[in-house]
Amino acid sequence: MSAQASRLSTLATLGLISVTTIWGSTFFLIKDLLGRMPVADFLAVRFAIAALSMLILFHRHLWRLSKSEWWQGLLLGVVYGVGQLLQTAGLEHTSASISGFATGMYVVFTPLLGTVLLRQRLPTVTWVAVLLAVGGLALLALRGMSLGYGVWITLVSALLYGLHIVGLGLWSRPGSAFALSTVQMLAIALICLLATLPRGPTLPPDSGAWLAVLYMALAAGAGAMLMQTWAQSHLSATRAAIVMTTEPVFAAAFAVVLGGEALTWRMLAGGALVLAAMYLVELVPRRQGDASALHAEAAHHDV
């Protein structure tokens, strides 16, 4: 791996961490909004604003996409959009903590899907990192486990997120990140708008709700999709999934700093395990000079 590729890989990792930081900051906003807006309506308004903003900014980039890239972006957007609807629907039937753990299971589904669909052979250190990430998620989120309806459909959403991560790692290119992100967002917005039929979406009830929706549409929606799409053109799918498990770590940090929650040993231990998983996939191969792992990392987006 060249020095430039290594720098781009580091920047991509930092970009994904910034995305998970933003996602972690939305916990209180979403919790408040879902008490005043139906789930599908909230998602429809959020992603419609995100799609419109991206279309205004990057409409010229869309003409550069090939027909196959258009279909790839639309398929990725549909997968992600259905995952969003299932995740938020599952949240209505289970606790937020268990929902967070079930959603985070994409860190397991991603390497499994990569192995089954793409016949990728992952180094042992990656599977160790996956187990550490799952353990960290369990400590951060679980307070008992009940496999009811809400958990099952949330697990399906996690499977779809894993499929989206694998597909994005396969199809994303640095030069088409803006256009591919825009196509995905258009598809996500369409899926969420269809979920509000036949009446259509209701709008946020007040200025405070509008500000929250705008933040989640532009920062946690459009901006996050742009960064994730670009970052995954430089990272393998499994590596990206492990990095993105830092989201509950940041959510817990925001809960302590802004929400007045007490700092517990579970937060510290869970966060430490997630960070250890990221350390394994980020630093150990470089320090050991694992040529095969680095070669796979550099070539993953040329499949």
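Bear in mind the structure is a predicted one, so any value in this text is a computation, not a measurement. (Residues numbered from 1 in each chain as written. Predicted model: local features only at pLDDT ≥ 70, side-chain atom pairs only at ≥ 80, totals over all residues. Heavy atoms only, no water.)

Q: Quick question: what am I supposed to make of the overall build of the chain here?
A: A tally of regular secondary structure across the chain gives 15 helices and zero strands. Burial status across the chain gives 49% buried among its 303 residues. When contacts within the chain are restricted to residue pairs at least 6 apart in sequence, those whose partners lie at least 24 apart make up 90%. (Helix = DSSP H or I, 4+ residues; strand = E, 2+ residues; numbered from the N terminus. Buried < 20%, exposed > 50% of the residue type's maximum accessible area, 1.4 Å probe, protein only. Contact = heavy atoms within 4.5 Å.)

Q: Would you mind showing me how to read the confidence of the model for the chain here?
A: Reading fine detail from the predicted coordinates is not recommended where pLDDT is low. In the predicted model, the chain carries a mean pLDDT of 83, and 87% of its residues have values of at least 70. Between the elements of the chain, mean pLDDT differs from a low of 38, seen in helix 15 (residues 291-299), to a high of 96, seen in helix 9 (residues 177-194). Confidence drops under pLDDT 50 across residues 289-303; counting only partners more than four residues distant or on other chains, this segment forms 23 contacts. (pLDDT = per-residue confidence, 0-100.)

Q: Can you walk me through the environment of H234 in this structure?
A: Position of H234 among the secondary structure elements: in the loop between helix 10 (207-231) and helix 11 (237-244). Note: C-alpha distance between H234 and L8 (226 residues apart in sequence) is 6.8 Å. In this structure the side chain of H234 is engaged in a polar contact, spanning 3.5 Å, whose partner is the side chain of S233. (Polar contact = N/O pair within 3.5 Å; in protein donor to acceptor, adjacent residues only side chain to side chain.)

Q: What is the right way to read the side chain of S9 from this model?
A: With respect to the helices and strands, the residue S9 is situated in helix 1 (residues 3-25). Residue S9 is classed as buried on the basis of its relative accessible area of 1%. Side-chain polar atoms of S9 contact the side chain of R239, separated by 2.7 Å.

Q: What is the right way to look at the packing of aromatic side chains in this model?
A: For any pair of aromatic rings, geometry is given as the distance between the ring centres together with the angle between the planes. Applying the stated rule across the entire model yields two aromatic pairs. Seen in terms of ring centroids, F58 and F178 are 4.6 Å apart; in terms of plane orientation they differ by 25 degrees. Their pairing is stacked. With F58 in helix 3 (residues 39-62) and F178 in helix 9, the pair connects residues that are 120 residues apart, well separated along the chain. F178 gets classed as partly exposed once you look at its relative accessible area, which sits at 40%. (Phe/Tyr/Trp six-rings, centres within 6.5 Å; stacked < 30°, edge-to-face > 60°.)

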